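Chains, contacts and geometry: an overview
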Amino acid sequence: MEKLSEYIKKKFGVSDEKFLEVFKISPGAEGYLLGSLGEQLFKEHAESIGYEVLRIKEKPEGGYNAKSDDARGDFYIRKKNSLQDEWLVVECKGVKSNSEKRANLTNIKSCLTILKKHSIDRQKHLESIWKSGFSTYEKAKESWTEQNKEQQFPDFSWLKENPGAGIPNLEGIWKNSEEIENWLNGFDESYFSENAFWDLTAPIRLIQTHMPSSRIDKLGIKSTGPLVSEFNILCLDLFLRTGKHEFVFVNSQQLNHQAASPNHLQQNYTIDILIEKESFQRHELLKPWYDDLDKCIAETKPEPRKLDISQLDSR
């Protein structure tokens with residue numbers, strides 16, 4: 001604690017108490033620190049299971065546009081003692097902090113609808129989401145092809161068993177809609193307030209990614225979301241929804257792309273929905289998500305890249 005006090009005094013010129021007071025009312029600083037923590041903890045985790053890990057510069061000389069197209073992530077990784085110049089680029093992210101508000105889970109009626117779609121009516125919902133996405137894709141392809149006769153529009157490659165942004169499997173938790181409604185009505189409305197979700201006292205926790213970057217793909221299509229090709233592996237730190245720094249992984253090539261722009265990833269993928277009724281235990285991950293980095297790489301075989309020394313961060 002003495003070292004921490006000395007650091008705060010030297011860097012910020014205030015007491016521990018004043019620093020904490022200001023830090024609590026600075027969500028931007030808190031988010032930035034959580035992001036840095038997630039990156040460092042991933043680095044330590046990867047090294048502990050036999051990977052060489054090299055940090056990629058956030059902003060190379062010349063700004064973000066100077067970043068290599070093959071190194072738009074946080075780390076290069078490869079197995080230690082490898083003699084091949086073959087690396088995977090890993091992007092580290094935290095979960096979306098206001099996902100429940102954005103999904104309208106602060107409204108009990110909306111909660112009922114969403115939980116029903118993911119449990120009682122899940123199979124019907126899977127088919128509906130896939131068909132809707134394919135229809136959007138077909139319209140976008142037709143429109144683009146009319147103006148670009150000599151270029152091929154990318155294929156549609158959504159997973160039928162987990163289409164769209166992802167549909168966690170909540171089957172078996174409730175027998176029917178009435179059971180869901182009775183369960184929800186067992187909580188006071190205050191349990192569905194925005195603050196309740198922030199404080200993890202609400203009965204539902206939505207685990208989603210948050211990737212709001214804007215990109216232009218090789219076809220000239222601009223959309224909000226990373227390019228599928230920016231990195232090999234997305235690593236997601238679940239801390240904000242589970243209270244533990246635990247990671248899940250996915251090969252970016254296997255995520256469901258944007259329906260109207262197949263070279264772009266979506267901003268918000270839903271990995272799981274945790275329920276108070278089950279003591280907020282995580283459900284079995286649906287493909288393409290993995291708990292195990294080695295298994296994710298071995299089974300999905302992301303295509304390695306050459307190391308670009310100009311992109312390395314010496315920290």
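Refer to the structure above for everything that follows.
What this report covers is the structure whose coordinates are included nearby. (Residues numbered from 1 in each chain as written. Predicted model: local features only at pLDDT ≥ 70, side-chain atom pairs only at ≥ 80, totals over all residues. Heavy atoms only, no water.)

Turning next to the pattern of salt bridges. Side-chain pairing between opposite charges can occur once the charged atoms of the two side chains come close. A complete count under the given rule lists twelve salt bridges for this structure. Close ionic contact of E246 with R282 constitutes a salt bridge, the shortest N to O distance being 2.9 Å. You can see E246 sitting in the loop between α9 (239-242) and β8 (247-251) and its partner R282 sitting in the loop between β11 (270-275) and α10 (293-300), a full 36 residues away along the chain. R282 sits in the partly exposed class, given a relative accessible area of 27%. The partner of R282 in a salt bridge is D291, and the shortest N-O contact between them spans 2.4 Å. Where salt bridges share partners, they join E246, R282 and D291 into one cluster. (Salt bridge = Lys/Arg side-chain N within 4 Å of Asp/Glu carboxyl O. Helix = DSSP H or I, 4+ residues; strand = E, 2+ residues; numbered from the N terminus. Buried < 20%, exposed > 50% of the residue type's maximum accessible area, 1.4 Å probe, protein only.)

A cluster of nonpolar side chains, M1, L4, Y7 and F12, forms an exposed patch at the surface whose accessible area comes to about 500 Å². Mapped onto the elements of the fold, Y7 is located in helix α1 (residues 2-12). (Patch = residues over 30% accessible without salt bridge, like charges linked within 9 Å, V, L, I, M, F, W, Y side chains within 5 Å. Areas by Shrake-Rupley, 256 points an atom, 1.4 Å probe, with all protein chains shown as cover.)

Here we come to the layout of surface pockets. Of the volumes computed, that of the largest pocket is approximately 1,400 Å³. When contributions to the lining of the largest pocket are tallied by element, the ones reaching two or more residues are α3 (27-48), β3 (88-94) and α9. Ranked by the residues each element gives to the lining of the largest pocket, the list is headed by α3, at eleven residues. Of the residues assigned to the lining of the largest pocket, the class counts are 13 nonpolar, 14 polar and 18 charged. By volume, the second largest pocket amounts to about 310 Å³. In this structure, the second largest pocket is lined by 18 residues; those nearest its centre are H118, H125, G166, Q208 and T270. Within the residue set of the lining of the second largest pocket, elements represented by two or more residues are α5 (108-118), α6 (122-147), β4 (204-208) and β11. Looking at the lining of the second largest pocket, the element that brings in the most residues is α5, giving four residues. (1 Å grid on protein atoms, 1.4 Å probe; cavity = no way out; pocket = protein on both sides within 12 Å on 5 of 7 lines; lining within 4 Å. Points joined across faces, edges and corners; volume = space filled by probe spheres on them. Nonpolar A, V, L, I, M, F, W, Y, C, P; charged D, E, K, R; others polar.)

The next thing to look at is the environment of S177. When you line up the elements, S177 lands in helix α7 (residues 177-185). Beyond its immediate sequence surroundings of up to four residues, S177 is in contact with L112, K116 and I120. (Contact = heavy atoms within 4.5 Å.)

Moving on, we come to α3. Taking 1.5 Å per residue as the helical rise, α3 with its 22 residues ought to reach 32 Å, and the 31 Å between its terminal C-alpha atoms agrees with that figure. Listing the buried residues of α3 in full gives G38, E39, F42, K43 and A46. Projected down its long axis, α3 carries its buried residues within an arc of 130°, all on one side. Phi turns positive, to about 100°, at G50, one or two residues after α3. (Expected span 1.5 Å × (residues − 1). Arc of directions from axis to C-beta.)

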